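Each chain is listed here by its residues.
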Amino acid sequence: VEHNFHILDGYFQSLFRLEGDARPKVYYEPRIIEHIRGKNIVDPSFGPAGKANGYYEADFHDKLIDYIRANVPEFVLIPHKHTHVSGDLQERIGRVFGPELYSVGTIGELADVLFSAKKRYLMYSGSASLSAALRLPSTVLCNRKAVPNFQYSVNDYIDLMRQYD
């Protein structure tokens, strides 16, 4: 029997013969960061899969800026220490919007930030997986190359390339 799973929950249930909730889980109790509590965050980080997902493309960068401008009122930018295009993208967001910055250095700190935020705007990345594991609904901004492959049911995935064509 061939299965064509697009939701990771179903894929994990099938692969590991899990019953019920197959979403990722984190055995960490996040702490509220008062400075972030009730604020929107934007985390434009992406890892090595960013090239395959089309995140290096200038057109995607333009559409992400347009989306933020139209949909994310005030926000805190979560910068990461990258030296590749991901860093260029977060620098551009910083220049265009001049948001407050809140840096994280560990996965625990990232979990605390995600947990404390009112709304989370993330890339198809580790932050999106971590928010799903924490059961925190988040908006995940994608390029058509990453959609509809392997999504978590708790997140809302938006294909910016299709939305703004």
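Residues numbered from 1 in each chain as written. Predicted model: local features only at pLDDT ≥ 70, side-chain atom pairs only at ≥ 80, totals over all residues. Heavy atoms only, no water.

Brief notes about the overall build of the chain
Working step 1: In terms of regular secondary structure, the chain is built from six helices and six strands.
Working step 2: Beginning at the N terminus, the succession of helices and strands in the chain can be written as α-β-α-β-α-β-α-β-α-β-β-α.
Working step 3: Buried residues in the chain amount to 48% of all 165 residues.
Working step 4: For the chain, the accessible surface area stands at approximately 8900 Å², while carbon and sulfur atoms represent 52% of it. (Helix = DSSP H or I, 4+ residues; strand = E, 2+ residues; numbered from the N terminus. Buried < 20%, exposed > 50% of the residue type's maximum accessible area, 1.4 Å probe, protein only. Areas by Shrake-Rupley, 256 points an atom, 1.4 Å probe, with all protein chains shown as cover.)

Some thoughts on the pattern of salt bridges
Working step 1: Summed over all chains, the structure comprises six salt bridges.
Working step 2: Its salt-bridge partner being R31, residue D112 comes within 3.0 Å of it at the nearest N-O pair. Of this pair, D112 sits in helix α4 (residues 107–116) while R31 is found in the loop between α1 (8–16) and β1 (40–43), placing the two residues 81 residues apart along the sequence.
Working step 3: The shortest N-O distance in the salt bridge between R92 and D62 comes to 2.8 Å. (Salt bridge = Lys/Arg side-chain N within 4 Å of Asp/Glu carboxyl O.)

Let's talk about the side chain of S138
Working step 1: Within the fold, S138 resides in the loop between α5 (126–133) and β5 (139–142).
Working step 2: Within the structure, S138 has its side chain in polar contact with the side chain of S131 (distance 3.2 Å). (Polar contact = N/O pair within 3.5 Å; in protein donor to acceptor, adjacent residues only side chain to side chain.)

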